[in-house]
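An overview of the molecular structure
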Amino acid sequence: KVGQENESLVEKDRQHVWHHISAYNEKNPPMIITEGKGAWITDHNGNRYLDGMSGLWCVNVGYGREELAKAAYEQMTKLAYAPLTQSHEPAIGLAEKLNEMLGDEYVFFYSNSGSDANEVAFKLARQYHQQNGESSRYKFISRYRAYHGSSMGALSATGQALRKYKYEPLAPGFLHVAPPDNYRRPAGQSIEEYNIQRAQEFEEKIIWEQKETIAGIIMEPLITGGGVLIPHPVYLEKVQEICQRHGVLLIIDEVICGFGRTGKAFGHQHFNVKPDIITMAKGLTSAYLPLSVTAVRKDIYEKFDTGEQNSHLRHINTFGGNPAACAVALKNLEIIEKESLVERSANLGERLQKELASLKDHPFVGDIRGLGFLLGIELVEDKKTKQPASNARVAKIIGECKANGLIIGRNGDTVAGYNNILALSPPLSCTDEDVDFMIAVVKKVFKENE
Ligand code: PMP
């Protein structure tokens, strides 16, 4: 009976649910996930998996947290909704808490998703320049291989062609430069030199496009979904210096990197930079409820709401910053602090890198890199030519990890042939035994694929 019911669930899913991104695969249909506890999820057939991707890089404190459910319940029964055209206590408390983490210099605009937060960043950057007397500044520069969201503006900033080309024309005024990919830098060039050169590509773009037309640069502290590309510290510092010299706003997308993922509260804190605008989502609530924020430096905000007509940001979002989501975010940040999950992320990541370092000798592993509890393993066909591993090879490793109870991710840019980077980004709350399990599965699968 149970078996039959399960079959019909798969059938109903096939009939009625349109899945995100992946094409439907009859032989390997999407998992129907029924439960989550800690780092582990259970599917409708009772199979358990360690979720080495924290969902989509978001369930930072792990599944099944009663404290978060309770925070939502208590807030919903007290005040389920208030629009942020007015205000409410959880929104105020959360903004205060975020400023404590960032250094008290930001004002926060709430929305529901990472894409939303980036759209707000683009709109307010354009308006800021207008109110600053520079109305010709409307363009944004981002990087190839970066992902910034699915809505038209955020997709325009995204630098992965396969996600875009069927939906064009997208928003005008979005330009791209190449990111640093240290593993594939030209032979003989030092990482530092190469990163400075890559940063200078922004300056060239700004000059060729006429600097008076450039509103902002948007980037993640490290490219996550595009292949775990970690820059040398000089890169971000140089980009910031270029922004400042040309009056361009620096927008840092912390949607994945924020809230401990990289071993610091925010990814940009690894570098000597102070962003003008910061966008956050995912780990802000550990995905228990949808919430995102666009943090704006106070002196930028001060160009708004000056009392002059139309000096406010004309942007509204019905659900953005709803009280329950803010209450959950506050509780989530409390858990991160109480359980020292930022430090734990740094320590576990270090351990993961150390214990998996021997994979470098594997014939198909070109590079292993990571920051905090975010690891990338770049697979190649040939270590000398660095030819990206074939689809089949990457899929086989992922499938075998799954068969052994470990979900890992796949990243990169399909159109450029670089969809060959495996990612591990588990909940920061993983136990030591969870980490042992991950290491054992990865080592076993790679050994069997030598
Ligand atoms: N920015 C980055 C860096 C992301 O990884 C994502 C989502 N994967 C987004 C923005 C968009 O977030 P959302 O899916 O919540 O719109």
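It should be noted that the structure appears before, not after, this text.
Residues numbered from 1 in each chain as written. Predicted model: local features only at pLDDT ≥ 70, side-chain atom pairs only at ≥ 80, totals over all residues.

**Observations concerning the sheet that holds strand β1 (residues 33-37)**
In spatial order, the strands read β1-β2-β3-β14; together these four strands make up an open sheet with mixed pairing. Each edge of the open sheet is held by one strand with a lone partner, namely β1 and β14 (406-407). Note: strand β2 (residues 40-43) against strand β3 (residues 48-51), three bridges, orientation antiparallel. The residue bridging W40 from the neighbouring strand is L50, located in β3. (Pairing = 2+ DSSP bridges. Helix = DSSP H or I, 4+ residues; strand = E, 2+ residues; numbered from the N terminus.)

**Structural notes on the packing of helix α12 (residues 391-403) against helix α13 (residues 432-448)**
Helix packing geometry: the angle between the two helix axes and the distance between the axes. α13 packs onto α12 with a crossing angle of 135° between their chain directions and a minimal axis gap of 10 Å. What the angle tells us is that α12 and α13 run oblique. Judged by the twist between their axes, the crossing of α12 over α13 is right-handed. For the pair formed by α12 and α13, the contact residues are I397, E400 and C401 on the first element and V441, V442, V445 and E448 on the second. In the contact of α12 with α13, the residues fall into five nonpolar, no polar and two charged. (Axes fitted to C-alpha atoms, helices over the stretch in contact; angles between N-to-C directions. Parallel < 35°, antiparallel > 145°, perpendicular 65-115°, else oblique. Left-handed = near helix turned anticlockwise from the far one by under 90°. Contact = placed C-beta atoms within 7 Å. Nonpolar A, V, L, I, M, F, W, Y, C, P; charged D, E, K, R; others polar.)

**A look at the environment of A95**
For A95, the position within the fold is in helix α4 (residues 89-102). Assessed through the 20 C-beta atoms surrounding it within 10 Å, A95 is described here as buried. Taking the C-alpha atoms as reference, A95 lies 35 Å from K205; in sequence the two are 110 residues apart. (Buried ≥ 20, exposed ≤ 12 C-beta atoms within 10 Å, placed from the backbone.)

**Points about the site of the ligand**
Among the 16 residues in the neighbourhood of the ligand, the closest are listed as S113, G114, S115, G149 and V255. For the shell around the ligand, the leading source of residues is helix α5 (residues 114-131), giving three residues. Grouping the amino acids of the shell around the ligand by side-chain chemistry returns five nonpolar, nine polar and two charged. (Near = placed C-beta within 6 Å.)

**Remarks on the sheet that holds strand β4 (residues 106-111)**
In any sheet, the strands associate via hydrogen bonds between backbone groups, in a parallel or an antiparallel arrangement. Pairing within the open sheet is mixed, and its seven strands lie in the order β4-β10-β9-β8-β7-β5-β6. Each edge of the open sheet carries a strand with a single partner, namely β4 and β6 (174-177). Averaged over neighbouring strand pairs, the angle between their axes works out to 20° when direction is ignored. With six bridges joining them, β4 and strand β10 (residues 292-297) adopt antiparallel strand pairing. Bridged to F108 within β10 is A295.

**Regarding α13**
Counted at 1.5 Å a residue, the expected span for α13 with its 17 residues is 24 Å, and the 24 Å between its end C-alpha atoms agrees. For α13, the complete set of buried residues consists of D434, V435, M438, V441, V442, V445 and F446. For α13, the angular spread of buried residues about the axis comes to 130°, placing them on one side. Opposite its buried face, α13 presents the exposed residues D432, E433, K447 and E448, each directed more than 90 degrees away. Tucked inside the fold, the buried residues of α13 contact β3, α11 (341-356), α12, β14 and β16 (418-424). (Expected span 1.5 Å × (residues − 1). Arc of directions from axis to C-beta.)

**Some words on α12**
In a regular helix each residue adds 1.5 Å, so 13 residues correspond to 18 Å; α12 covers 18 Å between its end C-alpha atoms and thus fits that length. Listed in full, the buried residues belonging to α12 are V394, I397 and C401. Buried residues of α12, viewed axially, fall in a sector of 65°; they line one side. Opposite the buried face of α12, by more than 90 degrees, sit the exposed residues A392, G399 and A403. Where α12 is buried, its residues contact β12 (375-382), β14, β15 (409-413), β16 and α13. Within two residues after α12, G405 carries a phi angle of roughly 90°, on the positive side.

Note that all results are geometric; they support no functional claim without further evidence.
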